[in-house]
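# Commentary on secondary and tertiary structure
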Amino acid sequence: MSEHQSVVERLEETVKAVRARTSITPRVGVVLGSGLGAFADTLRGVEKIPYAEIPHIPPPKVIGHAGNLCFGHVDDVPVVCMQGRVHLYEGHPIWQVVHGVRVMARLGVSCVLVTNAAGGVDPTWAAGDLMVVTDHINLMYHHPLIGPNEEALGTRFPDMSNAYDKALRAKLAAVSEHEKLPLREGVYAGLLGPSYETPAEIRMLRVLGAQAVGMSTVPEVIALRHMRVPVAALSCITNLAAGVGSGELDHSEVEAIAKARREDLQRLLRGWIVEAGKP
Ligand code: HPA
């Protein structure tokens, strides 16, 4: 691995290594967030490649995040899943945080669903609610496209007016109705973390128009939109955010709620993949 490699050179190296390990050409990509990784184990004929065996993808260190690139099928749809992701707050350079989704794009997926665990900013919501992301606010004070633009990936100034694809969102809504799983909609505020927010910060986010808050997703969505890959995102509201609910926030609570909604989320993901994967 060289310090002097460009993002595109690194991507090509990773894609070559991945292609040597699987014959599956994925049509749909899914990023599995905190506590949601078990979905990858339900893929038919799942093939797992540990991140540690793939050049340039660092293994995640957060409890609840496995680190495997997984290939398999849902019905007839070939899928690639990131079972676990790395976060900016772990100290990785931002190109590495988005490397996995860029690899998915280079493998040829036609769309990506990004999932996450998030805090609920709206006091009328409850832990366990599921939310389709309609838009985001980047409050990470960082950006994956800083530096010389990689023209081979996309334009210098990518449009973000429809970052969360309407047609893909409609498919999530249709599956949720069919599965009788209520879905909320809202704006995701991405913060750097790793401390949870203060109640004053959460009040600020409410004024800004956010319904959910988390520490991931935004860099990945920007990198995918740069490459013009259609994206949808789904948040599992694992807790009411600081000062909205009562009591202290704890990562074990986040994991427990994500686990409790696992079966429902898996039904939603499966249904969505079948729809999104139609040629
Ligand atoms: N804040 C930020 N990130 C989160 C939260 C939260 O309350 N819950 C899960 N991820």
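In what follows, the accompanying structure is described. (Residues numbered from 1 in each chain as written. Predicted model: local features only at pLDDT ≥ 70, side-chain atom pairs only at ≥ 80, totals over all residues. Heavy atoms only, no water.)

A count of helices and strands for the protein gives eight helices and nine strands. What you see for the protein is a C-alpha radius of gyration of 18 Å, in line with the 19 Å of a compact globule of 279 residues. C-alpha atoms of the protein, sized along the principal axes, occupy 50 × 40 × 35 Å. Relative to its full complement of 279 residues, the protein shows a buried share of 55%. A sequence separation of at least 24 residues applies to 82% of the contacts in the protein between residues at least 6 apart. Carbon and sulfur atoms provide 53% of the accessible area of the protein, an area that totals close to 12000 Å². Within the protein, one finds 27 positive and 30 negative side-chain charges whose respective centroids are separated by 4 Å. (Helix = DSSP H or I, 4+ residues; strand = E, 2+ residues; numbered from the N terminus. Rg over C-alpha atoms; globule rule 2.2 N^0.38 Å. Buried < 20%, exposed > 50% of the residue type's maximum accessible area, 1.4 Å probe, protein only. Contact = heavy atoms within 4.5 Å. Areas by Shrake-Rupley, 256 points an atom, 1.4 Å probe, with all protein chains shown as cover. Lys, Arg positive; Asp, Glu negative; His and termini not counted. Charge placed at Lys NZ, Arg CZ, Asp CG, Glu CD.)

Glancing now at empty space enclosed by the protein. Counted under the stated rule, the structure contains two cavities of 30 Å³ or more. Roughly 50 Å³ of volume is contained in the largest cavity. Surrounding the largest cavity, Leu32, Leu36, Phe39, Thr115, Arg262, Leu265, Gln266 and Leu269 form its lining. Considering each element in turn, the lining of the largest cavity owes the most residues, four residues, to helix H8 (residues 262-276). Considered class by class, the residues forming the lining of the largest cavity number five nonpolar, two polar and one charged. Of the pockets and cavities examined, the second largest cavity occupies roughly 50 Å³. Lining the second largest cavity are Ile57, Pro58, Met82, Arg85, Val86, Gln96, Val97, His99 and Gly100. For the lining of the second largest cavity, the elements supplying multiple residues, two or more each, are helix H2 (94-97) and helix H3 (99-107). (1 Å grid on protein atoms, 1.4 Å probe; cavity = no way out; pocket = protein on both sides within 12 Å on 5 of 7 lines; lining within 4 Å. Points joined across faces, edges and corners; volume = space filled by probe spheres on them. Nonpolar A, V, L, I, M, F, W, Y, C, P; charged D, E, K, R; others polar.)

Further remarks concern the nonpolar core. Within the largest apolar cluster, 50 residues are counted, with the highest numbers of intra-cluster contacts made by Leu69, Phe71, Val112, Val114 and Leu224. When near neighbours in sequence (up to four residues on either side) are disregarded, Leu69 contacts Val18, Glu47, Lys48, Ile49, Tyr51, Ile54, Val80, Cys81 and Met82. Formed by 30 residues, the second largest nonpolar core is a distinct cluster that contains Val79, Leu168, Ala232 and Leu269. (Core = buried A, V, L, I, M, F, W, Y, C linked by side-chain atoms within 4.5 Å.)

This paragraph deals with the site of the ligand. All residues adjacent to the ligand are Ala117, Ala118, Gly119, Tyr196, Glu197, Val213, Gly214, Met215, Thr238, Asn239, Leu249 and Val254. Ala117 is positioned with one of its backbone polar atoms (N or O) 3.3 Å from a nitrogen atom of the ligand. Relative to its free-state accessible area of 260 Å², the ligand is covered by the protein chains to the extent of 95%. Counting atoms within 2 Å of the grid points, the majority share of the ligand lands in the largest pocket. Sorting the residues of the shell around the ligand by element identifies strand E5 (111-120), strand E8 (212-214) and strand E9 (231-240) as the ones contributing at least two each. For the shell around the ligand, a count of residues per class yields seven nonpolar, four polar and one charged. (Near = heavy atom within 4 Å. Polar contact = N/O pair within 3.5 Å; in protein donor to acceptor, adjacent residues only side chain to side chain. Sits in = over half its atoms within 2 Å of the grid points.)

Before going further, it helps to spend a moment on the layout of surface pockets. The calculated volume of the largest pocket comes to roughly 320 Å³. Along the wall of the largest pocket there are 23 residues; nearest its centre are Ser34, Ala117, Tyr196, Met215 and Val254. Looking at the lining of the largest pocket, the elements that each hand over two or more residues are E5, E8, E9 and helix H7 (251-260). Examining the composition of the lining of the largest pocket, we find that four residues originate from one element, E5, more than from any other.

Taken as a whole and judged by the stated rule, the model has nine salt bridges. Residue Arg106 is joined to Glu12 by a salt bridge in which the shortest nitrogen-to-oxygen separation is 3.7 Å. Note that Arg106 is positioned in helix H3 and Glu12 in helix H1 (residues 7-19), a separation of 94 residues in sequence. A residue is classified by how much of its surface remains accessible, and Arg106, at 27% relative accessible area, is partly exposed. The exposure class of Glu12 is partly exposed, given its relative accessible area of 46%. Where Lys48 meets Asp41, a salt bridge forms, and the shortest distance between an N and an O atom there is 2.6 Å. We classify Lys48 as partly exposed; its relative accessible area is 37%. Taken together, the shared-partner salt bridges connect Glu179, Arg261, Asp264 and Arg267 into one network. (Salt bridge = Lys/Arg side-chain N within 4 Å of Asp/Glu carboxyl O.)

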